[in-house]
Amino acid sequence: MAKTKQKAAPKPPLEPLLKCPTGIKGLDEITGGGLPVGRPTLVCGTAGCGKTILGMEFVVRGAMQFDEPGVFMSFEESGKELAKNVASLGFDLNDLADRKKLLIDHVHIERAEIQETGEYDLEGLFIRLGYAIDAIGAQRVVLDTVEALFGGLPNEGILRAELRRLFRWLKDRGVTAVVTGEGGGENPDPPRHGGVRGRLRHPPGPPGAGADRHPAPGVVKYRGSLHGIDEYPFLIDVKGISILPITAMGLDHPASTARVSTGIARLDNMLGGQGVYRGSSLLVSGTAGTGKTSMAAFFADAACRRGERALYFAFEEAPKQIMRNMRSIGLDLEPWVERGLLRFHAARPTLYGLEMHLTIIHKLVNEFQPQVVALDPISNLTSVGTSLEVKSTLNRIIDYLKMQQITGIFTNLTMGGESLEHTDLGVSSLMDTWILLNCLELGGERNRVLYLLKSRGMAHSNQVREFLLTDQGVDLVDVYLGPGGVLTGAARASQEAREKAETLVRRQEIERRQRQIERKRSVLAGQIEALKAAFAAEEDELQKILAQDKLVEEVMTGGRAEMGRLRGEDKAAPGKGK
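Numbering of residues starts from 1 in each chain and follows the order in which that chain's sequence is written. For this predicted model, a pLDDT threshold of at least 70 governs which residues receive local features, and a threshold of 80 or more governs which side-chain atom pairs are given and counted, while totals over whole chains, interfaces and linings are taken from all residues. Derived side-chain values reflect all non-hydrogen atoms in the structure, with water molecules and hydrogen atoms excluded from consideration.

### A word on the overall build of the chain
Just so we agree on the cut-off: Only DSSP runs of H or I reaching four residues or more are called helices, and only runs of E reaching two or more are called strands; each is numbered from the N terminus. Three labels apply to residues, based on accessible area from a 1.4 Å probe with only protein chains included: buried if under 20% of the type maximum, exposed if over 50%, partly exposed otherwise in between. What makes two residues a contact is simply this: any of their non-hydrogen atoms within 4.5 Å. The Shrake-Rupley method, run with a 1.4 Å probe, gives the accessible areas here. Residue values count only the displayed protein chains as cover.
When helices and strands are counted, the chain shows 14 helices and 24 strands. Looking at the chain residue by residue over its 578 residues, the buried ones come to 44%. Of all intrachain contacts in the chain linking residues separated by at least 6 positions in sequence, the fraction that spans at least 24 positions is 70%. For the chain, the computed accessible surface area is about 30,700 Å², with 53% contributed by carbon and sulfur atoms.

### Some remarks on the packing of aromatic side chains
For clarity, the threshold we go by: Aromatic rings from Phe, Tyr and Trp, taking only the six-membered ring of Trp, are treated as a pair when their centres fall within 6.5 Å; an angle between ring planes under 30 degrees marks them as stacked, one over 60 as edge-to-face, and anything in between as tilted. Note on geometry: a ring has a charge over it if NZ (lysine) or CZ (arginine) is within 6 Å of the ring centre and within 35 degrees of the ring normal.
Going through the model one piece at a time under the given rule, you end up with two aromatic pairs. Judged by centre distance (5.0 Å) and plane angle (5°), the ring pair of Phe126 and Trp169 falls under stacked. Residue Phe126 is found in helix H5 (residues 123-136), and its partner Trp169 is found in helix H7 (residues 156-173); the two are separated by 43 residues along the sequence. Residue classification places Phe126 among the buried residues on the basis of a relative accessible area of 5%. On the accessibility criterion, Trp169 (16% relative accessible area) is buried. With 5.1 Å between their ring centres and 45° between their planes, Tyr312 and Phe344 make a pair best called tilted. Residue Tyr312 is found in strand S15 (residues 310-314), and its partner Phe344 is found in strand S16 (residues 342-346); the two are separated by 32 residues along the sequence. Residue Tyr312 shares its accessibility class with Phe344, and that shared class is buried. Over the aromatic face of Tyr277 sits the side chain of Arg259, whose NZ or CZ is 4.9 Å from the ring centroid.

### What about the pattern of salt bridges?
Note the threshold: A pair is scored as a salt bridge if a Lys or Arg side-chain nitrogen falls within 4 Å of a carboxyl oxygen belonging to Asp or Glu.
Taken as a whole, this structure holds 20 salt bridges when the rule is applied. Two residues, Glu68 and Arg140, come together in a salt bridge whose shortest N-O distance is 2.8 Å. You can see Glu68 sitting in the loop between helix H2 (51-65) and strand S4 (70-74) and its partner Arg140 sitting in strand S6 (residues 140-144), a full 72 residues away along the chain. Side by side, Glu68 and Arg140 carry an identical accessibility label, which is buried. Between Asp134 and Arg173 there is a salt bridge, with its nearest N and O atoms 2.7 Å apart. Highlighted residues: Asp134 in helix H5 and Arg173 in helix H7, separated in sequence by 39 residues. Judged by its relative accessible area of 31%, Arg173 falls in the partly exposed class.

### Some thoughts on the side chain of Ser285
Relative to the helices and strands, Ser285 is located in strand S14 (residues 281-286). With a relative accessible area of 0%, Ser285 lands in the buried category. Residues within four places of Ser285 in sequence aside, it is in contact with Lys292, Asn412, Thr414, Trp434, Ile435, Leu436 and Leu437.

### Considering helix H9 (residues 292-305)
Note the following rule: How far a helix is expected to stretch is found by multiplying one less than its residue total by 1.5 Å.
Across its 14 residues, H9 extends 20 Å between first and last C-alpha, which sits within 8% of the 20 Å expected from 1.5 Å per residue. For H9, the buried fraction is high: 13 of the 14 residues fall into the buried class. At the exit of H9 stands Gly307, carrying a positive phi of roughly 85°.

### Describing the confidence of the model for the chain
Using the following cut-off: Residue-level confidence of the predictor is what pLDDT reports, using numbers from 0 through 100.
With 78% of its residues at a pLDDT of 70 or more, the chain shows a mean pLDDT of 80. For the chain, strand S9 (residues 216-222) is the element with the lowest average pLDDT, namely 49, and S15 is the one with the highest, namely 96. Segment residues 184-194 is flagged for pLDDT under 50; beyond a separation of four residues in sequence, or across chains, it makes 26 contacts in the model. Across residues 220-224, where pLDDT falls below 50, the model places 24 contacts with residues more than four positions away in sequence or in other chains.

### Examining the sheet that holds S16
Here is the rule: Strand pairing is assigned whenever DSSP detects at least two bridges linking the two strands. To define axes, lines are fitted to C-alpha atoms, for helices over the stretch in contact only, and angles between the resulting N-to-C directions are given on a 0 to 180 degree scale.
Judged by pairing direction, the sheet is mixed, and its nine strands sit side by side in the order S16-S15-S17-S18-S14-S19-S20-S21-S22 without closing on themselves. Sheet topology places S16 and strand S22 (473-478) at the edges, where each strand pairs with a single neighbour. Going from strand to strand, the sheet's axes swing by 25° on average, the running direction of each strand aside. Here S14 runs beside strand S18 (residues 407-413); their pairing, made up of six bridges, is parallel.

### Remarks on the side chain of Thr31
Put simply, the rule is: Polar contacts, as counted here, are pairs of nitrogen or oxygen atoms within 3.5 Å of one another; within protein the pair requires one atom able to donate a hydrogen and one able to accept it, and residues that are adjacent in sequence qualify only if both atoms are side-chain atoms.
Assignment of secondary structure puts Thr31 in the loop between helix H1 (27-30) and strand S2 (35-36). Judged by relative accessible area, which is 2%, Thr31 ranks as buried. Among the polar contacts listed, one links the side chain of Thr31 to the backbone oxygen of Asp28, at a separation of 3.4 Å.

### Focus on the environment of Ser242
On the secondary structure map, Ser242 appears in strand S11 (residues 240-243). Taking the relative accessible area as the measure of exposure, Ser242 reaches 14% and is therefore buried. Separated by 218 residues in sequence, Ser242 and Ile24 place their C-alpha atoms 6.4 Å apart. Setting aside its immediate chain neighbours within four residues, Ser242 contacts Lys25, Pro233, Phe234, Leu235, Thr359 and Lys363.

### Some thoughts on the pairing of S4
Most of S4 is tucked away: five of the five residues are buried. Alternating positions in S4 separate into two faces, Gly70, Phe72 and Ser74 on one and Val71 and Met73 on the other, with burial throughout. Relative to strand S5 (residues 102-106), S4 is paired through five bridges, and the arrangement is parallel. Along S5, the bridge assignment pairs Gly70 with Leu102.

### Description of unusual backbone geometry
Thr145 follows Asp144 through a cis peptide bond whose omega is -5°. Along the chain, Thr145 turns up in the loop between S6 and helix H6 (146-150). With phi around 60°, Lys100 is a residue other than glycine that occupies positive phi space. Along the chain, Lys100 turns up in the loop between helix H4 (93-98) and S5. By relative accessible area, Lys100 is classed as exposed at 55%. Even without being a glycine, Gln405 presents a positive backbone phi close to 55°. Residue Gln405 is classed as partly exposed on the basis of its relative accessible area of 21%.

As structure tokens, then:
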């Protein structure tokens, strides 16, 4: 008999790992939704990296945004000190404590008083922490830091055993915990316990910046969940911590078919008559003094005229200097600043490292929500990083702007003597549209010209235009080709004058010939009229002769008929006499 196969029992569905959102911008993204619910997370790093701030924001955001009370147990700073430190971030710890949303417990431990006598006991800490959790129904717990708690233990075996015991106790209580700890230098090796292990460190600062370094967090491990594996720059400001998941950018950004004006009508015509695509990237490169900043300013002005917001990052000039200079070419940007449509952020590249510049750009874009972003000039960033590092940073910025459908304009300084179609940073391939501004020297003067090297996805002009900066704004005029090549400036004006003179001479000759033709036409018309009159007179004379001939013929015909009649009567007369 055939054996019947028994159906295997269906496997129960796998339960996903529950996540506890931290409320810290960027951290939830790189951790796939937050920290694991009911598990401890170890945050390690050197002094000054922001471990305490991260832990405090974790419990404060939980209380304020997710209605999850929290306990912050500090082994170094008192509650008053913590409240004063985080007040600049807008956190009112006293108010949260009054509403039973936060409990801060300062446990003072004097290392000199700790003596290792037999087995180390954490029962007192567990009782104290358990009481604090029960007092407010805490769901989040922060312990800051474990070094202060276990600093007096020279035996590493006992230290690790007590850490395991601490983490097990936190898991049994079902609270989501953050435990901070010190790391060991640039390559910290924190205790290997806990569900999640993160690291904060100071990356090397920019050349010549000395101690000006900024923290860069990374997720070392995350049991049961995917996570970002790179380091991410983050910023601590008046709104707390913001982390930029820069390496998470991909090539899945949308591509709009809408077009936006560059602010220069003739340039829009060269770009298919409608300007560039919204959300695209525009590179304006050229040597010094060719008008790159002016073009970026007109681009921002065009956005403001459409009622959009523009964010201008200046790495070389102060905002007031830019606005003053633009007035000389008929462009007043100050009203847009006053109306809140235009915002400047000016800083020397050497003020921060590349990662911090990237974080600040990300943060300001999120805050201001612009439709246009200008970076002027990107070539200055090479003072804080190599060309490869700057290109990587710009790649992240471009990807981020495209994901947000923000149109970006980037200016780049090209050194004299280099190939026209070349940038030191090698970023031209990242850009959708590339405009080159250059100066041509001819006849003892230098004049600006514009080349439209590429513009993806649209028909565009391949003609060279002279780029004029006047007190009425920017103008693009046609260049002239002479025996020596392209003519600009005085040579172009001279050529224009010669062409106008030649045109005038030709026009005068044509007018003279037209007058001769008109005179001949008049003479011919008179002759024709005279011939017509003579012809009409002769025709009238002929008609008279014909009429007379006809009348004579009629008279003669009538006379013959009368004579015949008379002759017939004469023949009938003799009959009457018989």
